[in-house]
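One letter stands for each residue in the lines below.
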Amino acid sequence: MYTSHEDIGYDFEDGPKDKKTLKPHPNIDGGWAWMMVLSSFFVHILIMGSQMALGVLNVEWLEEFHQSRGLTAWVSSLSMGITLIVGLGSGMAYLPAVVMVGRYFQKRRALAQGLSTTGTGFGTFLMTVLLKYLCAEYGWRNAMLIQGAVSLNLCVCGALMRPLSPGKNPNDPGERDLSVLPAHSTQSVKSTGQQGRTEEKDGGPGNEETLCDLQAQECSDQAGHRKNMCALRILKTVSWLTMRVRKGFEDWYSGYFGTASLFTNRMFVAFIFWALFAYSSFVIPFIHLPEIVNLYNLSEQNDVFPLTSIIAIVHIFGKVILGVIADLPCISVWNVFLLANFTLVLSIFILPLMHTYAGLAVICALIGFSSGYFSLMPVVTEDLVGIEHLANAYGIIICANGISALLGPPFAGWIYDITQKYDFSFYICGLLYMIGILFLLIQPCIRMIEQSRRKYMDGAHV
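What counts, and where the lines are drawn
Every chain begins its residue count from 1, and numbering advances along the sequence as written. Residue-level local features of this predicted model are given only where pLDDT is at least 70; pairs of side-chain atoms are given and counted only at 80 or more, and the full residue set underlies all totals for whole chains, interfaces and linings. For side-chain calculations, the full set of non-hydrogen atoms in the structure is used, while hydrogens and water are omitted. Think of pLDDT as the predictor's per-residue confidence, scored from 0 to 100. Segments assigned H or I by DSSP are reported as helices when at least four residues long, segments assigned E as strands when at least two residues long, and all are numbered from the N terminus. Any two residues having at least one pair of non-hydrogen atoms within 4.5 Å are treated as being in contact. Throughout this description, the term nonpolar core refers to a set of buried Ala, Val, Leu, Ile, Met, Phe, Trp, Tyr and Cys residues connected via side-chain atoms within 4.5 Å. Partly exposed describes any residue whose relative accessible area lies between the buried limit of under 20% and the exposed limit of over 50%, with all areas from a 1.4 Å probe on protein chains only and scaled to the type maximum. A cavity here means a set of points on a 1 Å grid, drawn over the protein atoms and nothing else, where a 1.4 Å probe fits but cannot get out; a pocket is an open set with protein on both sides within 12 Å along at least five of seven lines, and a residue lines either one if it has an atom within 4 Å of a point. Grid points are joined across faces, edges and corners, and a volume is the space filled by probe spheres set on the points. Only Asp, Glu, Lys and Arg are considered charged in this grouping, and only Ala, Val, Leu, Ile, Met, Phe, Trp, Tyr, Cys and Pro are considered nonpolar; every other residue, Gly among them, is considered polar. Note that patches include only residues with greater than 30% relative accessible area and no salt bridge, and the join distances are 9 Å for like charges and 5 Å for nonpolar side chains (Val, Leu, Ile, Met, Phe, Trp, Tyr). All accessible-area figures derive from a Shrake-Rupley calculation using a 1.4 Å probe, and residue coverage is judged against the displayed protein chains alone. Here, a salt bridge means any side-chain nitrogen of Lys or Arg that lies within 4 Å of a carboxyl oxygen of Asp or Glu. In summary, the pairing rule links any two rings of Phe, Tyr or Trp, Trp by its six-membered ring, whose centres are within 6.5 Å, and it sorts them by plane angle into stacked for under 30 degrees, edge-to-face for over 60 and tilted for everything else. Sitting over a ring, as applied to charges here, requires NZ of Lys or CZ of Arg to be within 6 Å of the ring centre and within 35 degrees of the ring normal. The span you would expect from a helix comes to 1.5 Å times its residue count less one. Polar contacts, as counted here, are pairs of nitrogen or oxygen atoms within 3.5 Å of one another; within protein the pair requires one atom able to donate a hydrogen and one able to accept it, and residues that are adjacent in sequence qualify only if both atoms are side-chain atoms.

What follows covers the confidence of the model for the protein. When the pLDDT values of the protein are averaged, the result is 77; 77% of them are 70 or greater. At the low end of the mean pLDDT range in the protein sits strand 1 (residues 10-14), at 42; at the high end sits helix 14 (residues 357-370), at 92. Predicted confidence is poor over residues 1-23, with pLDDT under 50, and the contacts of this stretch with residues over four places away or in other chains come to 46 contacts.

Now the structure itself:
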């Protein structure tokens, strides 16, 4: 892991014997850290909640434009996928909201990420209800305008976010006070001159030539002092500029080549392949469930309590509970992460077999709870690459999720256009999800084989 004390929120201070000691940052695991959680929570409500509620608009678009389901699904998938790849609006707000929480927490990072990302569940529930009401009252076009106005609250969330304040390093020339200089001050020169004149006066009648010499010497000392001050100020300015340029180059170098070096980590590459296949299985139910209930003639029951709202509400509890479990000292975050993935892929396989509202509600609850592993993704990513590369690495993972979200819903729509069923869409996505999970299992299996082979060789030598 490539961790640095600066990145995890520790300040250096000089000890009594000029040794560097670690001082915890006051905002780590407390203070403004909880404001970061609150800000990230509302970002998830406004961004991911709105994205997950697009299934309501998908039904409206199908009724108005009378296009194929595969083509219509592109509208929702483009909105969600571009947000996670290159979104200049939502994308620039979402990734910092996730990464900043990780920088402000150490001991309770999984819990903090779980609490902040529960905004996705709250947002999905609230935005689904809101969009349904707005579409019924004002039409889908005006509903989108109102939703855009609500999203302006992202500016408030951004105003709450701020980086950790760096600690002052006494060895840094930029932190030193210019006022502390070894040169004599003007006052000392004056006092010296006055003392000399007093001594002369006490010792005998002073002469004008001696007095003029003292004044000339005082003027020359003041001029020399000013020159020294100017030289020191210029030297400090040049030194400060040099340090800033050097630091900027180092940041650029580490950021560029550090990102490239991530792909030498085999486990991280396997994690990327998992992300390419996984996210579509979570997105497809949100996009197509509103239409599935219409096909099964379950609209009346679904209007009372939408299935997507069940996913959203249970998703909230799933993130918090899984975050608390993952923070336990005797529990491995990776084991919780993998178990939740297996539960989700099993739910995807079972969902097409359910044709009653009760059966669909149970499966949707399982999908919502198991998908709570999204709160563990930043923690798992940090375990792979270290907090120094967390922002770059998590950005790559989110990009892979975006590709999955971009292609998943249109693919499910195309399968329906061909087979007139959504069943095969869920089966194929479930199989792709299983392939992604196998990528996660390859590296641990290789590691176990290498360890067993090493033990066998050691035993053979003995």
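Having seen the structure, we can now continue with the description.
What follows covers the nonpolar core. Counting residues in hydrophobic clusters, the biggest one holds 96 residues, and the most contacted among them are Phe-271, Trp-274, Tyr-279, Leu-307, Trp-334, Phe-337 and Tyr-373. For this core, the element with the highest residue contribution is helix 10 (residues 266-295), accounting for 16 residues.

Evaluation of the coordinates by the stated rule reveals three cavities of 30 Å³ or more. Within this model, the largest cavity holds a volume of roughly 160 Å³. Contributing to the lining of the largest cavity are 19 residues, with Met-48, Tyr-94, Tyr-279, Lys-319 and Phe-374 lying nearest its centre. Looking at the lining of the largest cavity, the elements that each hand over two or more residues are helix 2 (48-52), helix 5 (90-104), helix 6 (109-151), helix 10, helix 12 (307-326), helix 15 (377-385) and helix 16 (390-419). Classifying every residue of the lining of the largest cavity gives twelve nonpolar, six polar and one charged.

This paragraph deals with a nonpolar patch on the surface. There is a patch of nonpolar side chains on the surface, built from Phe-317, Ile-321, Ile-325, Leu-328, Ile-331 and Phe-369 and spanning about 470 Å² of accessible area. No other element matches the three residues that helix 12 contributes to the nonpolar patch. Of note, Phe-369 is situated in helix 14. Residue Phe-369 is classed as partly exposed on the basis of its relative accessible area of 32%.

Right, let's talk about the pattern of salt bridges for a bit. Following the criterion strictly, the structure yields three salt bridges and no others. One salt bridge connects Glu-64 with Arg-141, and the closest N-O pair in it is separated by 2.9 Å. Separated by 77 residues along the polypeptide, Glu-64 in helix 3 (residues 54-65) and Arg-141 in helix 6 bring together distant segments of the chain. Assessed through its relative accessible area of 35%, Glu-64 is described here as partly exposed. A salt bridge links Glu-291 to Arg-69; the shortest N-O distance between them is 2.1 Å. Placement of the pair is Glu-291 in helix 10 and Arg-69 in helix 4 (residues 69-85), with a sequence separation of 222 residues.

Bringing the layout of surface pockets into the picture now. Volume-wise, the second largest pocket comes out at about 300 Å³. Every residue lining the second largest pocket is counted, 15 residues in all, and those nearest its centre are Ser-50, Gln-51, Ser-79, Gln-147 and Ser-151. Of all the elements in the fold, those that place two or more residues in the lining of the second largest pocket are helix 2, helix 3, helix 4 and helix 6. The biggest single contributor to the lining of the second largest pocket is helix 6, with four residues. For the lining of the second largest pocket, a count of residues per class yields eight nonpolar, seven polar and no charged.

The subject of this paragraph is the packing of aromatic side chains. The final tally for this structure, using the stated rule, is 17 aromatic pairs. Where Phe-271 meets Trp-334, the ring centres are 6.1 Å apart and the plane angle is 65°; that geometry is what we call edge-to-face. You can see Phe-271 sitting in helix 10 and its partner Trp-334 sitting in helix 13 (residues 333-350), a full 63 residues away along the chain. Here Phe-271 falls in the buried class, since its relative accessible area comes to 0%. Given a relative accessible area of 18%, Trp-334 falls into the buried group. Between Trp-274 and Tyr-373, the aromatic rings sit 5.8 Å apart at their centres with planes inclined by 65°, giving edge-to-face as the arrangement. With Trp-274 in helix 10 and Tyr-373 in the loop between helix 14 and helix 15, the pair connects residues that are 99 residues apart, well separated along the chain. Of the residues examined, Trp-274 reaches a relative accessible area of 0% and is grouped as buried. Members of the aromatic cluster, connected to one another through ring pairs, are Phe-271, Trp-274, Trp-334, Phe-337, Tyr-373 and Phe-374. Directly above the aromatic system of Trp-32 lies the positively charged group of Arg-162, at a separation of 4.0 Å from the ring centroid.

With that out of the way, let us pick up helix 1 (residues 33-46). Taking 1.5 Å of rise per residue, 14 residues should cover 20 Å, and helix 1 covers 20 Å from first to last C-alpha, within 8% of that figure. Counting buried positions along helix 1 gives ten out of 14 residues, so the element sits mostly inside the fold. Along helix 1, the residues that are buried comprise Ala-33, Met-36, Val-37, Ser-39, Ser-40, Phe-41, Val-43, His-44, Ile-45 and Leu-46. As for helix 1, its buried residues are in contact with helix 2, helix 5, helix 6 and helix 7 (154-160).

Attention shifts here to the side chain of Ser-370. Tracing the backbone through its elements, the reader meets Ser-370 in helix 14. At a separation of 2.7 Å, a polar atom in the side chain of Ser-370 contacts the main-chain carbonyl oxygen of Leu-366. Only 3.4 Å separates the side chain of Ser-370 from the backbone oxygen of Ile-367, close enough to count as a polar contact.

For Ile-287, the location among the structural elements is in helix 10. In the structure, Ile-287 is positioned 233 residues away from Leu-54 in sequence and 6.5 Å away in space, judged by C-alpha atoms. Setting aside residues no more than four positions away along its own chain, Ile-287 makes contact with Leu-54, Gly-55, Asn-58, Ser-76 and Pro-409.

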